[in-house]
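Chain residues, written in single-letter form:
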Amino acid sequence: MDKDLINRGIHEYIRIVFFLNGKAEYRDLAPGLSTLDLINKELRLWGTKCSCNEGDCGACTVVIGSLRDGNIVYEAVNSCLYPAARLHGKHLITIEGLGDDNELHPIQRAILDHHASQCGYCTPGFVMSMFALFASQKHPSKETIMAALEGNLCRCTGYQSILEAALEISATHDPQSIVPRWCRDTESEIFKFDQALQTIKRSSDSNYLIENYYKATDVQMLKALLAAHPEAAIIAGGTDVMVQVNITRRHFAALIDIADIQELQKIYLRPDGVHIGAGVTYSRIMDSGIIRSDYPALTDLFRLVASTQIRNFGTLAGNIANASPIGDSLPLLMVYGATLELDSASGKRAVPIREFFTGYRKTALVPGEYISEVIIPPQPGSAIIRALKSSKRKAVDISAVASAVKIERDPQGLVTAAMLAFGGVAATPVFSETFANMLTATEPQDAKLIADTVAGEYEPLSDVRGSAEYRKTMIVNHVLQYLKELR
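Residues numbered from 1 in each chain as written. Predicted model: local features only at pLDDT ≥ 70, side-chain atom pairs only at ≥ 80, totals over all residues. Heavy atoms only, no water.

A. Representation of the overall build of the chain in the model. Counting secondary structure elements, the chain contains 19 helices and 20 strands. On C-alpha atoms alone, the chain measures out to a radius of gyration of 23 Å, which is about the 23 Å that the 2.2 N^0.38 rule sets for 487 residues. Across its three principal directions, the C-alpha atoms of the chain cover 75 × 60 × 45 Å. When each of the 487 residues of the chain is scored for burial, the buried share is 55%. (Helix = DSSP H or I, 4+ residues; strand = E, 2+ residues; numbered from the N terminus. Rg over C-alpha atoms; globule rule 2.2 N^0.38 Å. Buried < 20%, exposed > 50% of the residue type's maximum accessible area, 1.4 Å probe, protein only.)

B. Spatial organisation of unusual backbone geometry. A positive phi angle, near 50 degrees, is found at asparagine 21, a position not held by glycine. Note that asparagine 21 resides in the loop between β1 (10–20) and β2 (23–29). Positive phi, normally seen in glycine, also occurs at asparagine 53, with a value near 65 degrees. Considering the arrangement of structural elements, one finds asparagine 53 in the loop between α2 (35–42) and β3 (61–68).

C. Geometry of the packing of helix α4 (residues 123–136) against helix α5 (residues 142–149). Put simply, α4 and α5 touch, their axes get as near as 9 Å, and they point 130 degrees apart. The pairing of α4 with α5 is recorded here as oblique in orientation. Between α4 and α5 lies a crossing whose hand is right-handed. Residues Phe126, Ser129, Met130, Leu133 and Phe134 of α4 touch α5, and the partners they reach there are Thr144, Ile145, Ala148 and Leu149. Looking at the contact of α4 with α5 residue by residue, the classes come out as seven nonpolar, two polar and no charged. (Axes fitted to C-alpha atoms, helices over the stretch in contact; angles between N-to-C directions. Parallel < 35°, antiparallel > 145°, perpendicular 65-115°, else oblique. Left-handed = near helix turned anticlockwise from the far one by under 90°. Contact = heavy atoms within 4.5 Å. Nonpolar A, V, L, I, M, F, W, Y, C, P; charged D, E, K, R; others polar.)

D. The packing of aromatic side chains, seen in detail. If you walk through the whole model with that rule in mind, you get nine aromatic pairs. Between tyrosine 295 and tyrosine 336 the ring centres are 5.6 Å apart and the planes differ by 85 degrees, which places this aromatic pair in the edge-to-face class. Residue tyrosine 295 is found in the loop between α12 (289–294) and α13 (296–302), and its partner tyrosine 336 is found in helix α16 (residues 330–336); the two are separated by 41 residues along the sequence. Tyrosine 336 shares its class with tyrosine 295; the two are buried. Between phenylalanine 422 and tyrosine 458, the aromatic rings sit 5.7 Å apart at their centres with planes inclined by 65 degrees, giving edge-to-face as the arrangement. With phenylalanine 422 in strand β19 (residues 415–423) and tyrosine 458 in the loop between α18 (447–455) and α19 (468–486), this pair connects stretches of sequence that are 36 residues apart. A single burial state applies to phenylalanine 422 and to tyrosine 458, both of which are buried. Above the plane of the ring of tyrosine 82 lies arginine 86, whose end atom (NZ or CZ) is 5.5 Å from the centre. (Phe/Tyr/Trp six-rings, centres within 6.5 Å; stacked < 30°, edge-to-face > 60°. Lys NZ or Arg CZ within 6 Å of the ring centre and 35° of its normal.)

E. Region of the structure containing the environment of alanine 402. Position of alanine 402 relative to the elements: it lies in strand β18 (residues 401–409). Setting aside its immediate chain neighbours within four residues, alanine 402 contacts Pro331, Leu388, Lys389, Ala421, Phe422, Gly423 and His478.

F. Quick look at the nonpolar core. Judged by nonpolar contacts, the single largest core of 88 residues is most densely connected at Ile320 and Ile376. Here isoleucine 376 is in contact with Asp272, Gly273, Val274, Ile276, Tyr295, Leu298, Leu333, Tyr336 and Ala338, once residues within four sequence places are set aside. (Core = buried A, V, L, I, M, F, W, Y, C linked by side-chain atoms within 4.5 Å.)

G. The arrangement of the sheet that holds strand β11 (residues 273–277) in detail. Spatially, five strands are ordered β10-β11-β16-β12-β13 in an open sheet, and the strand pairing comes out antiparallel. Strand pairing shows two members of the sheet lacking a second neighbour, β10 (267–270) and β13 (347–352), which therefore form its edges. Here the average twist between neighbouring strands, direction ignored, is 25 degrees. Direction of pairing for β10 relative to β11: antiparallel, over a ladder of four bridges. Pairing of arginine 270 across the sheet is with glycine 273, part of β11. (Pairing = 2+ DSSP bridges.)

H. Quick look at the sheet that holds strand β9 (residues 252–257). With parallel pairing, the three strands of this open sheet are ordered in space as β7-β9-β8. Edge strands, defined here as strands with exactly one partner in the open sheet, are β7 (210–215) and β8 (233–235). Within the sheet, the average angular offset between the axes of one strand and its neighbour, ignoring direction, is 25 degrees. Alignment of β7 against β9, held across five bridges, turns out to be parallel. Residue pairing in the sheet places lysine 215 in a bridge with aspartate 257 of β9.

I. Local environment of the environment of tyrosine 360. Note that tyrosine 360 resides in the loop between β14 (357–359) and β15 (362–363). Looking at tyrosine 360, the relative accessible area reads 53%, which means it is exposed. Separated by 66 residues in sequence, tyrosine 360 and alanine 426 place their C-alpha atoms 8.6 Å apart. In this structure, tyrosine 360 is in contact with Pro325, Ala427 and Thr428, ignoring residues within four places of it in sequence.

Here is the structure:
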């Protein structure tokens, strides 16, 4: 965009049409506006709360109804991180839409009956997380309920009464009684929705941290946008970028949103392995039968990544492109031997993930290039493949140390090959240089000696997530855990 236009306060606005609690809404959105700010500051709805503004507490949880693979799906998301422009053609459901002055929604009634609300600040988020779960599943188990609510924090009531309310709903209701009639009526509108997204130039006196926000609708448009705006950052989920905007007030000249590009929304199997598109979310990967059967360690690990709300729009490709040394998925992808397909106007190229990270938060991507697919090759059926994550909280927390192992054995049980990768111990995710040799040695090695030797390879930093000493201890513990399982 012309810099003179920016200096005169002319910005690229996104003109969208969406449905709010069953009614159509037409809005011109400022660049990079979050759904939470849209709800609070423009729609003037105050039931959806702002607390952490970085996806940690769940107070801002809303539900998005959208069309996917010929079906309407309802998913809970953190509205503080969900770009409002992504609502185009979707149904935004907030706490105000459930129940009315005459009758509470069944979830609200259960919360009241079980005294599951005290100050009430977190309650709308809990209700909306439950709504997404019970609208999609019939009689979910206690474990499923707890997983769905792990992204919601309560600071005063205590979780037992909230859990009891949810268990009552699970036992007595099904999706037919949970989803209001106006939701079902709106589903037909979503099915036939065909209005194109528009971008307009509009003057404004505001200074936006995100100057321009572009939504790519297909791969060709994405390539053209990257060519025209080489300074732009790509977002698929935006769960990290929006935190930077909300918390550190980072400025972005432009963002390119690829979440609605259908070509990047596929998971499919080929002889060279499973292909996961750049727009595929963690939740969809976890739901994939291919992943559950052929790559179960990935599913196990993703249960520990963020929360349900984040997994519903955060992506694996985004975790890779972010290039943080503590990216949860990176050590496991390294031992899997994953390859990244990079695409640009110049064509495609394949880069092994072990060669993708060139320095602290630096990658092999060149201007105009993006990750289009993650390809994980077939794995030996006899291989032990596991991943571990150490963090202060079981869920909704970033790793202090993450690791993954792959061990192959012959029919006699002797180790023939081994790989061990760590995140959080160096500037990039790294392989252990000693683990494989010690594990495949002719003479058996003492487990503690192996663990101490591996820990000696690294000089991790101290930060808010853990001291160097703590990280060294975690390295030892991870190795001992893997060896315990092996033996």
